[in-house]
Amino acid sequence: MNDIITNEGTPNSKEMSGQEPRHNILLIEDSREDARLVQIFIKESDNLINGDVATRETLTSGMDELSTGKEYAAILLDLSLPDSRGFETLERLLSKFPNENVIVLTGYDNIDLGVEAVKAGAQDFLVKGKFDANSLAKTLRYSIERRSVLSRLKQAEEEKKESRQRYQNIFTQSKDAIYISDLNGKIIDCNESTSELLGYSVEMLKDMPSIHPLLFDEETNQDFLDKLKKEKTVKDFEIVFRSNNGETYDLLVSANLNESDYNCMIRDITERKRAEEAIKARDLAQSRAKVREELIASVSHEMRTPMNAILGNSNLMLQTDLKSEQLDYVTFIKQSSELLLGIINNILDIATLKNGRIMFEKKDFNIFELTKSLYHVMKFQFDKKGLSFDLNLDDKIPQTICGDGLRLNQILYNLVGNAIKFTHEGQIGLNVNMLAETETQVKLRFDVSDTGIGIEQDQLRKIFEEFTRVRQKDKFYEGTGLGLSITQKLIELQGGAVDVVSELGVGSTFSFELTFEKGQLNRQEDTPTDKNDSWEVDENLTFNLLLVEDHRMNQIVARKSLEKKWKNLKVTIAENGKEAIDILKEKKMDIILMDIQMPIMDGYETTDFIRNKMPADIAKIPILAMTAHAHISKNNNFEQYGMDDYVIKPFDAKQLFQKIEFYLNKGKTH
Ligand code: ADP
């Protein structure tokens with residue numbers, strides 16, 4: 001700042017070429033003549049300086065102008081003003097505006113004052129009457145440039161300081177351990193996190209001959225250093241670190257080699273690794289559970305086919321002339337196989353429910369009829385135990401509601417079945433009440449009550465768990481403990497909840513609520529139901545039936561049952577879809593029973609072919625899918641593939657006959 005640049009100095013000519021920017025110059029001068037002269041000189045300066053000059057006549061008004069915030073590249077300050085004289089004028093100005101570029105104007109007899117002014121912070125001085133256009137312009141220019149260089153320098157200094165501070169902050173605040181050391185591991189500097197990780201204070205670490213033994217075993221240390229020396233940088237070098245309190249950590253070490261030292265950053269990834277491992281373990285467990293469930297499902301599915309044969313054959317046998325002893329045996333075989341089939345169905349159900357592959361139907365059904373037919377189906381069991389059944393349905397419930405009637409039936413069948421099983425005298429009640437009704441929906445509450453043995457309070461939650469059965473006076477009632485968990489899942493998956501209240505020795509009530517959509521009233525039933533118990537089949541019907549089924553046993557069972565019912569029926573058997581199509585081309589058929597799972601061409605493909613690629617009279621033949629129970633829950637593809645309906649294997653003979661006759665008649669009216 002003590003350098004004095006006089007008006008003799010010559011600015012670099014190169015810097016002066018080109019278009020000059022315009023500068024605002026503030027002139028604080030009370031003499032009008034002097035002020036005019038300055039203006040003229042600047043104009044005449046031959047582009048050395050392009051200035052817009054604002055003039056103020058007093059120090060106060062000059063300072064007011066500066067207070068407006070307008071930028072001035074230079075201030076020409078006369079030191080003798082009406083409101084301030086001498087050196088003090090500069091001092092007053094600089095005390096308020098210390099960063100302004102001030103050039104003082106002094107009288108001829110006052111040159112010393114100019115020198116003093118520069119020492120006190122003015123950029124330069126000019127002696128009045130002694131400067132011309134050229135020297136004024138050069139002085140202004142120099143001072144402006146000098147100031148800009150200075151301010152740039154100052155800014156650079158600031159930035160450097162800031163960036164140093166930033167790095168310092170990263171260093172001190174980082175959760176990662178950061179240290180700088182020589183290649184022997186002698187610490188030059190390290191942050192708090194290093195101290196926390198290694199378990200020694202920063203000072204202690206700095207005093208150690210090497211921190212390498214704390215971090216690495218010998219071999220790892222060698223690997224690390226080799227890599228660092230060879231590649232100058234090491235990224236994400238994984239080490240396992242044992243802390244002095246005995247815990248192990250997974251660390252990632254990254255380092256950069258400088259000349260004789262290196263800086264190093266250590267990240268603790270223990271938590272991350274543990275989380276990753278937990279996720280892996282969970283995924284593995286999930287996929288194992290899935291495999292297990294699928295295995296159970298497929299094994300039980302396989303068991304159904306022979307069961308089907310056993311049951312079917314016992315049914316056939318029961319229709320022949322048997323000695324009373326034989327009748328007993330066959331009845332026993334039949335009952336046992338029904339029981340076994342029930343268990344298999346339960347296991348299949350639970351697997352299907354658990355892997356979430358269940359879909360619920362939305363079909364209209366009549367709940368009054370559904371409950372009535374449930375009673376008919378179970379009547380035999382009530383009668384056997386001498387129990388009465390009290391069925392009550394709220395009159396307000398609409399005749400048809402829309403939802404999964406088959407599943408509702410299964411739920412009620414389970415609950416009423418349990419009620420019968422655990423009750424020895426008294427009555428079983430089924431109450432259905434309407435809790436709420438909107439324009440499109442009804443919310444129903446079902447209560448199944450019994451006067452049976454009851455359940456202990458602390459067992460109430462447990463009975464919904466899989467395979468849970470409560471021991472009763474040293475004996476178990478028959479069952480697998482799956483019924484209630486299936487029931488609960490079926491209810492919950494449809495958005496409802498099941499509850500139970502019970503008193504030991506008095507009885508139990510199982511309740512659940514489900515919401516159904518309202519059905520379309522008065523819609524024609526388009527499939528036969530059990531509603532009409534007297535629905536009798538016309539045994540004299542004459543027709544041709546194509547049975548598409550690959551399983552030999554099933555073929556025999558189906559054929560025998562059908563031929564027994566209809567004396568004038570002709571059954572043709574196809575082993576697979578392809579054979580079925582060939583037969584259809586040759587022979588006229590009235591109805592087709594189609595297995596789903598078959599080799600070569602399965603039931604879906606075959607139906608699709610018949611419906612879309614065969615002549616119109618063949619394409620419209622009614623097709624009934626034959627499917628195992630579990631299949632229905634998974635996908636109701638029958639209609640989508642153009643099948644008219646399905647029958648469940650093993651056949652419920654009555655249902656099979658009714659459906660066949662229904663579709664035969666339907667075909668005739670078309
Ligand atoms: P299970 O097929 O063995 O009957 P559930 O899951 O249906 O299996 O029932 C589990 C257990 O809950 C039964 O073994 C029985 O102990 C108890 N339980 C279920 N319903 C009743 C009831 N109505 N009265 C008394 N106990 C019942």
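Parameters and conventions
- Residues numbered from 1 in each chain as written.
- Predicted model: local features only at pLDDT ≥ 70, side-chain atom pairs only at ≥ 80, totals over all residues.
- Heavy atoms only, no water.
- Buried < 20%, exposed > 50% of the residue type's maximum accessible area, 1.4 Å probe, protein only.
- Helix = DSSP H or I, 4+ residues; strand = E, 2+ residues; numbered from the N terminus.
- Pairing = 2+ DSSP bridges.
- Phe/Tyr/Trp six-rings, centres within 6.5 Å; stacked < 30°, edge-to-face > 60°.
- Lys NZ or Arg CZ within 6 Å of the ring centre and 35° of its normal.
- Patch = residues over 30% accessible without salt bridge, like charges linked within 9 Å, V, L, I, M, F, W, Y side chains within 5 Å.
- Areas by Shrake-Rupley, 256 points an atom, 1.4 Å probe, with all protein chains shown as cover.
- Salt bridge = Lys/Arg side-chain N within 4 Å of Asp/Glu carboxyl O.
- Axes fitted to C-alpha atoms, helices over the stretch in contact; angles between N-to-C directions.
- Parallel < 35°, antiparallel > 145°, perpendicular 65-115°, else oblique.
- Left-handed = near helix turned anticlockwise from the far one by under 90°.
- Contact = heavy atoms within 4.5 Å.
- Nonpolar A, V, L, I, M, F, W, Y, C, P; charged D, E, K, R; others polar.

1. Focus on the pairing of strand β18 (residues 497-503)
Point 1. Only one face of β18 is buried, namely the one carrying V498, V500 and S502, since none of A497, D499, V501 and E503 on the opposite face is buried.
Point 2. Where β18 meets strand β19 (residues 507-518), 7 bridges bridge the pair, whose relative direction is antiparallel. When the sheet's bridge partners are listed, V500 is paired in β19 with F510.
Point 3. Connecting β18 to the antiparallel partner β19 that follows it, the hairpin turn spans 3 residues, and G505 within it adopts a positive phi of roughly 80°.

2. What about the packing of aromatic side chains?
Point 1. As enumerated under the stated definition, the model contains 15 aromatic pairs in all.
Point 2. Each ring, one from Y375 and one from F389, has its centre 5.2 Å from the other, and the planes form 5°; the classification is stacked. Of the two residues, Y375 sits in helix α13 (residues 367-385) while F389 sits in strand β14 (residues 388-393), which places them 14 residues apart along the sequence.
Point 3. Joined through ring pairs, the aromatic side chains of Y179, F216, F224, F237 and Y262 make up one cluster.
Point 4. Positioned above the aromatic ring of Y646, the side-chain terminus of K659 is 5.1 Å from the ring centre.

3. Description of a nonpolar patch on the surface
Point 1. A surface patch of nonpolar side chains, amounting to about 250 Å² of accessible area, comprises V149, L150 and L153.
Point 2. The topology assignment puts L153 in helix α6 (residues 133-173).
Point 3. Relative accessible area serves as the criterion here: at 53%, L153 is assigned to the exposed category.

4. Quick notes on the pattern of salt bridges
Point 1. Counting across every chain of the model gives 32 salt bridges.
Point 2. For K128, the salt bridge identified is with D78, shortest N-O distance 3.1 Å. Of this pair, K128 sits in the loop between β7 (124-127) and α6 while D78 sits in strand β3 (residues 74-78), and the two are 50 residues apart along the sequence.
Point 3. A single salt-bridge network, built from bridges that share partners, covers E29, D34, D78 and K128.

5. A look at the packing of helix α17 (residues 577-586) against helix α18 (residues 603-613)
Point 1. Relative orientation of the contacting elements α17 and α18 amounts to 25°, with a least axis distance of 9 Å. Classed by the angle they form, the pair α17 and α18 counts as roughly parallel. As for how α17 packs across α18, the hand of that crossing is right-handed. Within the contact between the two elements, α17 uses G577, A580, I581 and L584 and α18 uses T606, F609 and I610.
Point 2. Residues belonging to the contact of α17 with α18 are distributed by class as follows: 5 nonpolar, 2 polar and no charged.

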